[in-house]
Amino acid sequence: MSPRADAPPTAPAAGTTAVRRFGPAQRWVHRTTAALMGVCVLTAACLYVPQLAQLVGRRALVVTVHEWSGLALPLPVLAGLASRALRADLGRLNRFGPHDRIWLRSALRRDRRPASRPAGKFNAGQKLYAAWIAGATLVMLGTGLMMWFTHLTPLVWRTSATFVHDWLALTIGIVLAGHIGMALADPEARRGLRTGSVSREWAEREHPLWRP
């Protein structure tokens, strides 16, 4: 079974070497979600790391900012669903094909040759990250609400929610650090999220099954 190429977005103007990767909606959702996630992580660190807690102080204010930024975290994606381009990208992120299994096997073998890592608009690693972070965000939102509205659930539920919330927060911090590190190592990918366009050479090398 041959790998399936992604459905093509709008073609770039003739004679250009840059191709369109993301539109305004995708970039806005990514930036807003990243900002809210950053606030959640920083405020969580100020609540749980004693040195930071002493440095920042004003614990009640930090708790309030943490709660409301966490509650607002799903809103950019929900608002972005009005964009057809964002919905199309979410569909691509949600579909795994035979070429994604090939990509994952190559990644596990640390085979970095572009020919051994076929990918559409999003590679298998990006799809796994998107699925994991979306699920983790929903779990954090649910457990956070249990901890916030203490009168709505039994004590044993709140205790379990606190345990899950704390340890999942640590895991999210580690995964986000890896995500940021990989982004820093790929200037062209950052350019795609910053300006919406990438070079055709990069697209053909890193995402050969994508047909922009």
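A short tour of the structure in this document, coming up. Just so it is clear, the model here is predicted, and its values are computed rather than measured.

### Concerning the layout of surface pockets
Thought 1: The calculated volume of the second largest pocket comes to roughly 720 Å³.
Thought 2: Taken together, 28 residues make up the lining of the second largest pocket; nearest its centre are Cys40, Ala44, His66, Met140 and His165.
Thought 3: Elements represented by at least two residues in the lining of the second largest pocket include exactly helix H1 (24-48), helix H3 (59-72), helix H7 (124-148) and helix H8 (155-184).
Thought 4: The residue inventory of the lining of the second largest pocket, partitioned by class, reads 19 nonpolar, six polar and three charged.

### Side note on the packing of H1 against helix H9 (residues 187-195)
Thought 1: Close contact between H1 and H9 brings their axes to 8 Å; oriented N to C, the two are set at 105 degrees. When the axes of H1 and H9 are compared, the pair comes out roughly perpendicular. Contacts between H1 and H9 pair Arg27, His30 and Arg31 from the former with Gly192, Leu193, Arg194 and Thr195 from the latter.
Thought 2: Classifying every residue of the contact of H1 with H9 by side-chain character gives one nonpolar, three polar and three charged.

### Overview of unusual backbone geometry
Thought 1: Here Arg58, not a glycine, exhibits a phi torsion of approximately 50 degrees, which is positive.
Thought 2: Mapped onto the fold, Arg58 is located in the loop between helix H2 (50-56) and H3.
Thought 3: Here the phi dihedral of Arg110 falls at roughly 60 degrees; this positive angle occurs in a residue that is not glycine.
Thought 4: Relative to the assigned elements, Arg110 resides in the loop between helix H6 (98-108) and H7.

### Brief notes about the nonpolar core
Thought 1: In terms of nonpolar packing, the biggest core is built from ten residues, these being Leu36, Met37, Ala72, Leu73, Ile133, Ala136, Met140, Leu168, Ile172 and Leu176.
Thought 2: Elements with a contribution of two residues or more to this core: H1, H7 and H8.
Thought 3: Once you skip the residues sitting within four places of it in the chain, Ile172 turns out to touch Met37, Trp132, Ile133, Ala136 and Met140.
Thought 4: In terms of nonpolar packing, the next biggest core, distinct from the first, is built from five residues, Val19, Val198, Trp202 and Ala203 among them.

### Some thoughts on a nonpolar patch on the surface
Thought 1: On the surface, Val139, Phe163, Val164, Trp167, Leu170 and Ile174 cluster together to form a nonpolar patch covering roughly 610 Å² of accessible area.
Thought 2: Looking at which element gives the most residues to the nonpolar patch, the answer is H8, with five residues.
Thought 3: With respect to the secondary-structure elements, Val139 resides in helix H7.

### Considering the state of the cysteines
Thought 1: In total, this model carries zero disulfides according to the counting rule given.
Thought 2: Cys40 takes part in no disulfide bond, and the closest cysteine sulfur to it belongs to Cys46, at a distance of 12 Å.
Thought 3: Take Cys40: its relative accessible area is 10%, and that puts it in the buried class.
Thought 4: According to the relative accessible area criterion, Cys46 is buried, its value standing at 17%.

### A look at the packing of aromatic side chains
Thought 1: In this structure the tally under the stated criterion is four aromatic pairs.
Thought 2: On the numbers, 6.5 Å between centres and 50 degrees between planes, the contact of Phe163 with Trp167 is tilted. Here the residue Phe163 and the residue Trp167 both occupy positions in helix H8, the gap between them amounting to four residues, near one helical turn.
Thought 3: On the basis of relative accessibility, which here comes to 56%, the residue Phe163 falls in the exposed class.
Thought 4: Ring pairing ties together the aromatic residues Trp68, Trp148 and Phe149, which thus form one cluster.
Thought 5: Seen from the ring of Phe122, Arg21 lies directly overhead, with NZ or CZ sitting 5.6 Å from the centre.

### Examining the pattern of salt bridges
Thought 1: The final tally for this structure, using the stated rule, is six salt bridges.
Thought 2: Between Asp89 and Arg92 there is a salt bridge; the shortest N-O distance is 2.7 Å. Taken together, the positions of Asp89 and Arg92, both in helix H5 (residues 84-93) and three residues apart, correspond to about one turn of that helix. In this structure, Asp89 and Arg92 share a single accessibility class: buried.
Thought 3: As a salt-bridge pair, Glu206 and Arg205 come within 3.2 Å of each other at their nearest N and O atoms.
Thought 4: Assessed through its relative accessible area of 31%, Glu206 is described here as partly exposed.
Thought 5: Arg205 sits in the partly exposed class, given a relative accessible area of 39%.
Thought 6: Within the structure, one salt-bridge network assembled from shared partners comprises Asp89, Arg92 and Lys121.

What counts, and at which threshold
All chains use their own residue numbering, which begins from 1 and follows the written sequence. Since the coordinates come from a predicted model, pLDDT governs what is reported: local features require at least 70, and pairs of side-chain atoms require 80 or more to be given and counted, while whole-chain, interface and lining totals use all residues. Note: side-chain values were computed over all heavy atoms of the structure, leaving out hydrogens and water. Using only the protein atoms, space was sampled on a 1 Å grid; points where a 1.4 Å probe fits but cannot get out form cavities, open sets with protein on both sides within 12 Å along at least five of seven lines form pockets, and lining residues are those with an atom within 4 Å of a point. Grid points are joined across faces, edges and corners, and a volume is the space filled by probe spheres set on the points. A run of H or I in DSSP counts as a helix once it spans at least four residues, and a run of E counts as a strand once it spans at least two, with each numbered from the N terminus. Classification convention: Asp, Glu, Lys, Arg as charged; Ala, Val, Leu, Ile, Met, Phe, Trp, Tyr, Cys, Pro as nonpolar; all other residues, Gly among them, as polar. A fitted line through C-alpha atoms serves as each axis, taken over the contacting stretch for helices, and the angle formed by two N-to-C directions is quoted from 0 to 180°. We call two directions roughly parallel when the angle between them is under 35 degrees, roughly antiparallel when it is over 145, roughly perpendicular when it lies between 65 and 115, and oblique otherwise. In this description, contact between two residues means that some pair of their heavy atoms is separated by no more than 4.5 Å. Working definition of a nonpolar core: buried Ala, Val, Leu, Ile, Met, Phe, Trp, Tyr and Cys residues. They are joined through side-chain atoms within 4.5 Å. Throughout, exposure labels follow a simple rule: accessible area from a 1.4 Å probe, protein chains only, divided by the maximum for the residue type, with under 20% read as buried, over 50% as exposed, and the rest as partly exposed. Put simply, a patch holds well-exposed residues, over 30% relative accessible area, that have no salt bridge, with like charges counted together within 9 Å and Val, Leu, Ile, Met, Phe, Trp or Tyr side chains within 5 Å. Here the open area of atoms and residues is found with the Shrake-Rupley method and a 1.4 Å probe, where only the protein chains shown may cover a residue. Within this document, salt bridges are pairs made up of a side-chain nitrogen of Lys or Arg and a carboxyl oxygen of Asp or Glu, the two lying within 4 Å of each other. The disulfide definition used here is simple: a pair of cysteine sulfur atoms within 2.5 Å. Side-chain rings of Phe, Tyr and Trp (the six-membered ring for Trp) are treated as a pair once their centres are within 6.5 Å; stacked means planes under 30 degrees apart, edge-to-face means over 60, and tilted covers the remaining angles. By definition, being over a ring means that NZ of Lys or CZ of Arg is both within 6 Å of the ring centre and within 35 degrees of the ring normal.

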